[in-house]
Amino acid sequence: MTDANTPDASHQPSRPETTTDALTVDQAAQVSRDVLANVEDVIVGHPDEIEHVFTAILARGHILLEDVPGVGKTMLARSIAASIDCSFKRVQFTPDLLPSDITGVNVFNQKTREFEFQEGPVFANIVLGDEINRAPPKTQSALLEAMEEEQVTVDGTTRKLPQPFTVIATQNAVEPNRTYELPLAEVDRFMKKLNLGYPSQAEESEMLARVVGDHPIDSLESVTDVETVRRARRTVAEVTVKEPVRNYATRIAEFTREHAKLGVSPRGTIALLRAAQARAVLRGRGYVIPDDIQAEAPRVLSHRIRLSASGPRDQGVQVVEEAIETVPVE
Amino acid sequence: MSAPTAHRARSETQVDDGVDWFRLCALGGLAVMTATWVAVLYDLTITLGGSIPLLLLVTGSIALAAVLSRLISERVAAVLTVGLLVVSYGSYILSTPNGLELLLQAWDKIIADSISLLTGLTVLRLKEAHLWVLGFAPAPAFFSWYLAFRRRYVLSAVVGGLAFLVLVLTGDAATAFSGGWIQRGMLFGATLGGIAMIGFGELERHGGSVLQADVLVVLFTLMLIGSAIQLPFTGTALRLVEGGPTTVEGSLTSSPGETTIQGSIELSPEVRFTVTADDPQYWRVGVYDRFTGGSWLRTGQAGAYGGQLESPPGETETVSQLVRMHDRTNVMPAANQPVRVEGQVREYTQVTSHGSLQSTVTFQPNDTYRVISEVPNADEATLQSAGTDYPAAVRQVYLADDKQPDFSNAFESRTQEIVDEAGAENPYETAVAIEDWLEENREYSLDVNRPNGNVAESFLFEMEQGYCVYYATTMTMMLRSQGIPARYVVGYTPGQQVDENQWVVRGLDSHAWVEVYFPDVGWVKFDPTPGGPRSDTEVASIEDARQSDDGQVDVGGSEDQPLTTTTAIPTNRLTDNGSDANRTFRDPDLPGVGSDNLGGPIDGTGSTPGPTVGEPNGGGPGGFSEEQQRYAAFGLVAMVGLAAGAHRAGATRAVRRAAKLRWQGTRREPDTDVERAVERLELVLERQYGPREPNESPSQYVQRLSMSGVDRRADRVVELHEKAVYGPGVSREEADEAIELVDAMVRSNTPLLRRFAS
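Parameters and conventions
- Within every chain, residues take consecutive numbers counted from 1 along the sequence as written.
- Ligands are numbered from 1 and chains lettered from A, in the order in which they are written.
- Where local features are concerned, this predicted model is filtered to residues with pLDDT of at least 70; where side-chain atom pairs are given and counted, the filter is 80 or more; whole-chain, interface and lining totals use all residues.
- Hydrogens and waters are ignored; side-chain quantities use all the structure's heavy atoms.
- Labels follow the DSSP assignment, with helices taken as runs of H or I lasting at least four residues and strands as runs of E lasting at least two, numbered in each case from the N terminus.
- Exposed residues in this analysis have more than 50% of their type's maximum accessible area, buried residues have under 20%, and partly exposed residues fall in between, with area computed by a 1.4 Å probe over protein chains only.
- By definition, residues are in contact when any of their heavy atoms lie within 4.5 Å.
- Working definition of accessibility: Shrake-Rupley area with a 1.4 Å probe, residue cover restricted to the visible protein chains.
- Paired strands, in this sense, are two strands between which DSSP finds at least two bridges.
- Helix axes are fitted only over the stretch in contact, all axes being lines through C-alpha atoms; the angle between N-to-C directions runs from 0 to 180 degrees.
- Patch membership requires more than 30% relative accessible area and the absence of a salt bridge. Residues of like charge join within 9 Å; the nonpolar side chains Val, Leu, Ile, Met, Phe, Trp and Tyr join within 5 Å.
- When a carboxyl oxygen of Asp or Glu lies within 4 Å of a side-chain nitrogen of Lys or Arg, that pair is called a salt bridge.
- Charged residues are defined here as Lys and Arg on the positive side and Asp and Glu on the negative side; His and the ends of the chain fall outside this count.
- Throughout, a charge is located at the NZ atom of Lys, the CZ atom of Arg, the CG atom of Asp or the CD atom of Glu.
- Scored from 0 to 100, pLDDT records how confident the predictor is in each individual residue.
- Reported orientations rely on four angle classes, namely roughly parallel under 35 degrees, roughly antiparallel over 145, roughly perpendicular from 65 to 115, and oblique for the rest.
- In this scheme the crossing of two helices becomes right-handed for a clockwise turn of the near helix relative to the far one and left-handed for an anticlockwise turn of less than a right angle.
- Accessible area, probed at 1.4 Å, shrinks when two parts are joined; the buried area is that loss added up over both.
- Here a polar contact means two N or O atoms within 3.5 Å. Within protein one must be a hydrogen donor candidate and the other an acceptor candidate, and residues neighboring in sequence count only if both atoms are side-chain atoms.
- Gly is placed with the polar residues, together with every amino acid not listed as nonpolar (Ala, Val, Leu, Ile, Met, Phe, Trp, Tyr, Cys and Pro) or charged (Asp, Glu, Lys and Arg).
- UniProt positions are given in the numbering used here, feature names are shortened, and annotations may be inferred rather than shown by experiment.
- Note on aromatic contacts: the rings of Phe and Tyr and the six-membered ring of Trp form a pair at centre separations within 6.5 Å, being stacked when their planes are under 30 degrees apart, edge-to-face when over 60 apart, and tilted otherwise.
- In our convention, an over-ring charge means Lys NZ or Arg CZ found within 6 Å of a ring centre and within 35 degrees of that ring's normal.
- Here a helix's expected span is defined as the number of its residues, less one, multiplied by 1.5 Å.

An unreviewed UniProt entry lists chain B under the name Transglutaminase-like domain-containing protein, with Haloarchaeobius iranensis given as the organism.

An unreviewed UniProt entry lists chain A under the name MoxR-like ATPase, with Haloarchaeobius iranensis given as the organism.

Now the structure itself:
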């Protein structure tokens with residue numbers, strides 16, 4: 001309840017942040033490099049996606065992975081969690097999943113004769129929500145509330161979630177008939193939407209070579225700890241965003257609003273800046289440059305755009321690419 | 001709407017006969033333009049000789065341009081052109097006497113020379129003018145055709161126009177095209193040709209779309225404006241030749257380097273100056289050596305008076321003259337040959353290459369100066385036996401030669417006849433014979449129709465009457481045809497004697513006569529104009545003026561004085577030619593002679609010019625004559641036009657770009673400096689790699705170019721740029737580093753400078 005010294009404190013509920021100071025930009029960059037290198041020992045290919053996942057963690061964002069099954073979504077989340085030595089939980093969303101299956105329930109303890117709260121899988125630093133679109137909206141919204149507020153309310157009691165808290169949700173794109181598609185307002189809460197895609201032939205061959213014998217994930221050791229990640233998150237929050245860059249970001253958002261039925265929301269613009277801040281730190285910079293905006297925009301903005309009410313959903317990518325191509329930097 | 005039609009039409013012509021008509025028309029326009037300015041030069045070479053070399057040079061240059069347009073780059077061609085100009089101008093300077101010395105020491109003189117050329121000094125007045133013409137022609141001919149062959153029509157028109165402009169500025173174009181509407185039409189030929197070339201050239205380059213017709217419209221509008229500017233200019237140039245000032249004097253009051261022979265004239269009875277001297281003399285004002293057939297020119301350059309001048313080689317009589325001006329003028333009348341100027345006026349005195357004096361400032365009424373002259377007074381026997389051993393310097397300038405064919409063979413043989421008839425055996429007798437023949441066989445009249453063509457020939461063969469200018473011109477040329485150095489001289493006759501040693505000189509006393517060179521004697525005056533009829537005309541004129549109460553006619557008591565004839569001093573002539581040369585009405589005993597009113601005290605203040613000498617009122621600002629100002633004004637207008645043309649060709653943008661590229665500007669905030677340095681960096685890079693896309697930040701731009709092998713120094717500059725613009729800002733040292741890097745990159749991208757960059 002006391003931590004209010006980050007710029008976007010008003011958007012975030014106060015959380016039990018430690019009193020430790022932010023890392024320097026160089027330290028944070030070093031930590032990031034270590035983590036990414038560690039993850040890449042396990043995951044073959046997708047270096048950009050790995051980086052995007054980690055920057056989302058640093059930028060207090062959540063990730064929506066839309067992919068076919070079996071391309072390594074879980075492996076990615078697990079190896080990142082292992083690298084930063086944090087708790088990791090996985091929830092398989094099914095049509096009969098209940099909200100309490102995610103948040104946890106109060107259970108009557110016979111011994112103490114009291115209700116005890118049993119934490120659901122959401123009480124972890126990294127939560128993998130598999131096939132989130134298979135669960136009914138009510139269950140989805142339980143997770144989404146946790147994502148937005150970083151807290152869980154069960155039976156009138158509000159409980160803080162651990163820090164860092166990042167949800168990596170996956171959507172199955174192959175069987176749309178048996179799914180509850182996420183409403184746009186909820187999609188908007190994910191900082192980024194990523195596609196892993198199939199590995200290239202060389203990458204797949206490399207992957208096969210690695211899984212012979214012991215799977216590398218089993219021997220993956222952590223390279224940092226949760227505390228360090230928290231401090232790095234503060235570093236990211238303090239990265240300078242100067243007027244020209246802010247302007248550039250708003251002009252890109254403006255462009256999407258002019259060229260689509262539903263453009264980028266202000267929440268999307270904020271997410272864009274925060275993702276850009278994290279990217280800057282990864283590159284050892286204490287300030288955001290237009291490159292950062294351009295690099296983050298497709299994955300941060302595309303899923304928030306609808307060209308028409310019933311059109312295909314991935315048209316947003318084209319609008320964002322057009323915006324990057326058209327909107328002048330200065 | 002009609003664009004496709006035009007395009008199709010063009011394709012059809014191309015298909016039909018394989019000829020690109022637009023290109024042909026564009027080259028035709030250039031041909032007209034080139035023909036125009038070459039015609040001006042050709043006109044000069046008719047006077048100077050060397051017409052065939054000129055045509056060969058121009059043709060050769062065009063052929064060379066045709067060949068080289070496929071072989072060498074525009075930059076090399078430009079360097080070649082400049083080299084051609086420098087070499088030809090340099091060899092022209094070297095060919096003049098003391099050329100090397102001039103080249104090494106007197107840069108200011110060369111520059112002053114060039115400026116006076118461009119403010120209306122005709123090329124003909126240059127020594128070795130034929131060399132100048134031959135040197136001038138190839139460079140613009142080559143470069144304009146080179147550019148046209150490479151389809152750079154606008155630049156080509158600018159180059160051709162520049163060549164024409166130079167000749168317009170020297171005034172030679174106006175002289176060459178003064179003959180009538182056909183020639184005047186040719187004057188616009190240059191403009192029309194250039195415009196046609198640019199217009200058709202643009203059409204050719206852009207595929208002949210009618211949409212490009214706007215270029216033609218703009219150009220034709222420009223042409224209209226241009227002709228509106230040129231007409232008054234041409235008008236004045238024509239007046240110089242045909243109308244002009246209607247007195248012989250017109251050319252005397254400012255002592256120009258050129259005096260044109262006119263038709264009918266009137267003489268002004270107004271008093272110009274008074275002279276206090278012991279003897280009456282012809283007060284010489286200007287000396288001319290080069291005859292163009294219609295005018296006389298003075299070649300060579302006037303220099304500042306630097307003390308005692310050389311006396312004539314022979315026996316002389318010293319004449320001290322105190323001149324008091326009554327009119328605004330910058331001439332300094334003095335008897336042949338002035339050797340010394342006294343008083344403050346020395347500082348303003350200039351000596352022409354022929355030894356006559358002029359002033360750099362305009363005299364005001366009542367200004368006075370004193371000149372000492374050494375007048376050759378060799379007797380007849382000395383002149384008879386003077387021989388023909390002329391110094392080389394005299395032969396070169398004052399005799400006809402191959403380069404300066406001033407007269408026809410018929411002229412020469414007719415003169416020979418006249419001389420033979422008189423039985424002349426030496427130069428002196430020849431001069432006397434010609435003088436006598438002219439006096440006896442031509443009638444004096446101020447009412448003359450100026451002949452077309454060579455005035456001397458016309459006066460000898462066709463005309464029956466004329467005035468002093470015609471007599472003197474003809475005699476000079478007749479003497480030259482006999483191999484005797486002679487020159488044409490203008491000035492004033494002695495005037496009306498009002499006191500024992502005072503003469504009042506009026507406008508109508510202006511006169512032209514001849515000076516003949518005798519070895520070991522110097523320049524001796526001959527006056528072929530009949531004296532009697534001339535002074536009768538003068539007397540009548542003064543009487544008329546007095547009756548009409550003209551206040552300018554008399555000075556002091558001169559109206560009480562009898563009018564003295566002025567042709568009556570036959571220097572060195574022992575024989576009296578009988579035309580009542582000694583007719584004098586002077587009565588020295590007449591009481592009440594107003595000498596006090598006339599000259600004032602001679603001694604003491606006499607030799608000091610009035611305080612107004614230094615104020616050049618009459619001559620216009622900066623001592624330029626009105627004519628020069630007119631040319632300068634025209635030049636200015638033409639420069640504006642050129643600037644507009646250059647702008648059309650994108651020159652101003654290129655210049656601004658080059659300036660921005662090279663000049664960082666004053667240091668301000670470090671961040672601002674870095675931003676500016678990056679702007680310059682982009683200018684450097686865009687020339688080689690194309691411009692930055694609007695959606696790229698400078699660093700992305702450089703990163704993109706790194707694949708094309710961009711200078712690695714750029715990386716650091718854009719890095720600093722990011723820090724300055726998006727980050728916490730840069731320090732002074734970092735800003736300086738960025739500027740330094742960009743400077744180095746600019747240097748290594750500049751031709752020539754590149755060699756010195758590390």
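Q: I tried to follow the overall build of chain A on my own but got confused; where do I start?
A: Tallying secondary structure elements over chain A gives 12 helices and 9 strands in all. For chain A, the residues scored as buried account for 54% of the 330 residues in total. Once local pairs closer than 6 in sequence are excluded, the contacts in chain A between residues at least 24 apart make up 78%. For chain A, the exposed surface amounts to about 14700 Å²; the carbon and sulfur share of it is 50%.

Q: Can you walk me through the overall build of chain B in this structure?
A: In terms of helices and strands, chain B carries 26 helices and 19 strands. For chain B, buried positions account for 52% of its 758 residues. Of the contacts formed within chain B by residues at least 6 apart in sequence, a portion of 75% connects residues at least 24 apart.

Q: How should the sheet that holds strand β8 (residues 166–172) of chain A be read in this particular structure?
A: Strand-to-strand pairing in sheets goes through backbone hydrogen bonds, with the strands running parallel or antiparallel. Residues and elements named next belong to chain A. Read across the open sheet, the 5 strands follow the order β2-β5-β8-β1-β9; overall the sheet is parallel. A single partner strand is all that each edge strand has here, and the edge strands are β2 (88–92) and β9 (192–194). Averaged over all neighbouring strand pairs, the angle between strand axes comes to 20°, with direction disregarded. Relative to β9, strand β1 (residues 63–67) runs parallel, the two sharing 3 bridges. From the neighbouring strand, Leu64 faces β9, where its bridge partner is Lys193. Against the sheet, helix α2 (residues 47–58) touches β1, β5 (126–130), β8 and β9, its axis set at about 160° to β9.

Q: Is there a simple way to explain the pairing of strand β16 (residues 496–499) of chain B in this structure?
A: A regular strand places its side chains on the two faces of the sheet in alternate fashion. All names here are of chain B. In this sheet, strand β17 (residues 502–506) lies alongside β16 in antiparallel orientation, the contact comprising 3 bridges. The residue bridging Gln497 from the neighbouring strand is Trp503, located in β17. With antiparallel pairing between neighbouring strands as the criterion, β16 and β17 make up a hairpin whose turn holds 2 residues.

Q: Whenever I open this one, a negative patch on the surface confuses me. Can you help?
A: On the surface, Glu321, Glu322 and Glu325 of chain A together with Glu693 of chain B cluster together into a negatively charged patch. Within the secondary structure, Glu321 of chain A sits in helix α12 (residues 316–326).

Q: What exactly am I supposed to notice about the confidence of the model for chain A here?
A: Regions with low pLDDT should not have their predicted coordinates read in detail. All names here are of chain A. Model confidence for chain A is summarised by a mean pLDDT of 82, while 90% of its residues fall at 70 or above. When pLDDT is averaged over each element of chain A, helix α10 (residues 266–282) comes out on top at 91 and helix α6 (residues 184–187) at the bottom at 79. In this model, residues 1–19 is a region of pLDDT below 50 whose contacts with residues beyond four sequence positions or in other chains number 29 contacts.

Q: How do you make sense of the environment of Pro136 of chain A when you look at a structure like this?
A: Take Pro136 of chain A: it is sitting in the loop between β5 and α5 (137–149). The contact partners of Pro136 of chain A, leaving out residues within four places of it in the chain, are Thr94, Pro95, Leu97 and Tyr180 of chain A.

Q: Sorry if this is basic, but what is going on with the packing of helix α1 (residues 25–42) of chain A against α2 of chain A here?
A: Axis angle and axis distance: for two packed helices, these are the angle between their axes and the distance between the axes, and together they describe the pair. Residues and elements named next belong to chain A. Running from amino to carboxyl end, α1 crosses α2 at an angle of 135°, the nearest separation of the two axes being 10 Å. With respect to α2, the element α1 is oriented oblique. Here α1 and α2 pass one another in a crossing that is right-handed. Judged by residue contacts, Ser32, Val35, Leu36, Val39 and Glu40 of α1 engage Pro47, Ile50, Glu51, Phe54 and Leu58 from α2.

Q: What am I meant to see in the interface of chain A and chain B here?
A: Each side of the interface is counted separately: chain A has 17 residues, and chain B has 18 residues. Looking only at chain A, the three residues that lose the most surface to chain B are Lys242, Tyr287 and Glu330 of chain A, adding up to 41% of its buried area. Between the two partners, chain A and chain B, sit 0 salt bridges. Counting across the interface, chain A meets chain B through 7 residue pairs in polar contact (both at pLDDT 80 or more). Among the elements of the structure, α9 (243–259), α11 (290–301) and α12 of chain A are those that each provide at least two residues to the side of chain A that touches chain B. Per element, the largest residue contribution to the side of chain A that touches chain B is 3 residues, and it comes from α11 of chain A. Of the residues contributing to the side of chain A that touches chain B, the split by class is 10 nonpolar, 2 polar and 5 charged.

Q: Please clarify how the UniProt feature "transmembrane region" (unreviewed entry) in chain B should be interpreted in this entry.
A: Residue and element names in this part refer to chain B. When the UniProt feature table is mapped to this numbering, "transmembrane region" (unreviewed entry) covers residues 21–42, 48–69, 76–94, 129–147, 154–175, 181–201 and 213–233. Secondary structure over residues 21–42 splits into 100% helix and 0% strand, and the C-alpha atoms at its two ends are 30 Å apart. Its end C-alpha atoms 26 Å apart, residues 76–94 is made of 100% helix and 0% strand.

Q: Mind showing me how you'd approach the packing of aromatic side chains here?
A: Residue and element names in this part refer to chain B. Within the structure shown, the criterion is met by 20 aromatic pairs over all chains. Pairing Phe459 with Tyr470 gives two aromatic rings, centres 5.8 Å apart and planes at 40°, and the pair type is tilted. Of the two residues, Phe459 is situated in helix α17 (residues 455–461) and Tyr470 in helix α18 (residues 468–481); the sequence distance between them amounts to 11 residues. Looking at Phe459, the relative accessible area reads 0%, which means it is buried. The interplanar angle of 40° and the centroid separation of 6.3 Å between the aromatic rings of Phe518 and Phe526 together place this pair among those described as tilted. On the accessibility criterion, Phe518 (0% relative accessible area) is buried. A residue is classified by how much of its surface remains accessible, and Phe526, at 2% relative accessible area, is buried. The ring of Phe459 has Arg442 lying over it, and the distance from NZ or CZ to the ring centre is 5.8 Å. Above the ring of Tyr282, the side-chain terminus of Lys525 is found at 3.7 Å from the ring centroid.

Q: How do you make sense of the confidence of the model for chain B when you look at a structure like this?
A: All names here are of chain B. Chain-level pLDDT for chain B is 71 on average; 62% of the residues reach the 70-or-more range. The least confident element of chain B, judged by mean pLDDT, is helix α20 (residues 595–598) at 34; the most confident is helix α16 (residues 427–441) at 88. Below pLDDT 50 for its whole length, residues 1–17 participates in 18 contacts with residues either more than four positions away or in separate chains. For the stretch residues 208–214, pLDDT sits under 50, and the model shows 13 contacts to residues farther than four places along the chain or on other chains.

Q: Looking at this model, I keep getting lost on the pattern of salt bridges. Mind explaining?
A: Side chains that carry opposite charge are capable of pairing whenever their charged atoms lie near each other. Following the criterion strictly, the structure yields 27 salt bridges over all chains and no others. A salt bridge links Glu243 of chain A to Arg246 of chain A; the shortest N-O distance between them is 3.4 Å. Taken together, the residues span about one helical turn, with Glu243 of chain A and Arg246 of chain A both in helix α9 at a distance of 3 residues. Using a relative accessible area of 44% as the deciding quantity, one classes Glu243 of chain A as partly exposed. Salt-bridge contacts for Arg284 of chain B lead to Glu515 of chain B; the nearest nitrogen and oxygen are separated by 3.0 Å. Of this pair, Arg284 of chain B sits in strand β3 (residues 283–288) while Glu515 of chain B sits in strand β18 (residues 510–518), and the two are 231 residues apart along the sequence. Both residues of the pair, Arg284 of chain B and Glu515 of chain B, count as buried. A single network of salt bridges, built from pairs that share partners, joins Glu148, Asp188, Arg267 and Arg304 of chain A.

Q: Help me out: how do you make sense of the sheet that holds strand β6 (residues 303–304) of chain B in this one?
A: Residue and element names in this part refer to chain B. The strand order β6-β10-β11-β8 describes an open sheet built from 4 strands, whose pairing is antiparallel. The sheet terminates laterally at β6 and β8 (329–331), the two strands that pair on one side only. Bridging between β8 and strand β11 (residues 357–363) involves 2 bridges; their strand directions are antiparallel. Paired with Val331 across the strands is Gln358, a residue of β11.

Q: What is the right way to read α10 of chain A from this model?
A: Every α-helix carries 3.6 residues per turn, so stepping three or four residues along brings you back to the same face. All names here are of chain A. The terminal C-alpha atoms of α10, which comprises 17 residues, lie 25 Å apart, in line with the 24 Å expected from a rise of 1.5 Å per residue. Within α10, 14 of the 17 residues are buried, which leaves the element mostly enclosed by the surrounding structure. Positioned one or two residues after α10, Gly284 has a phi angle of 70°, which is positive.

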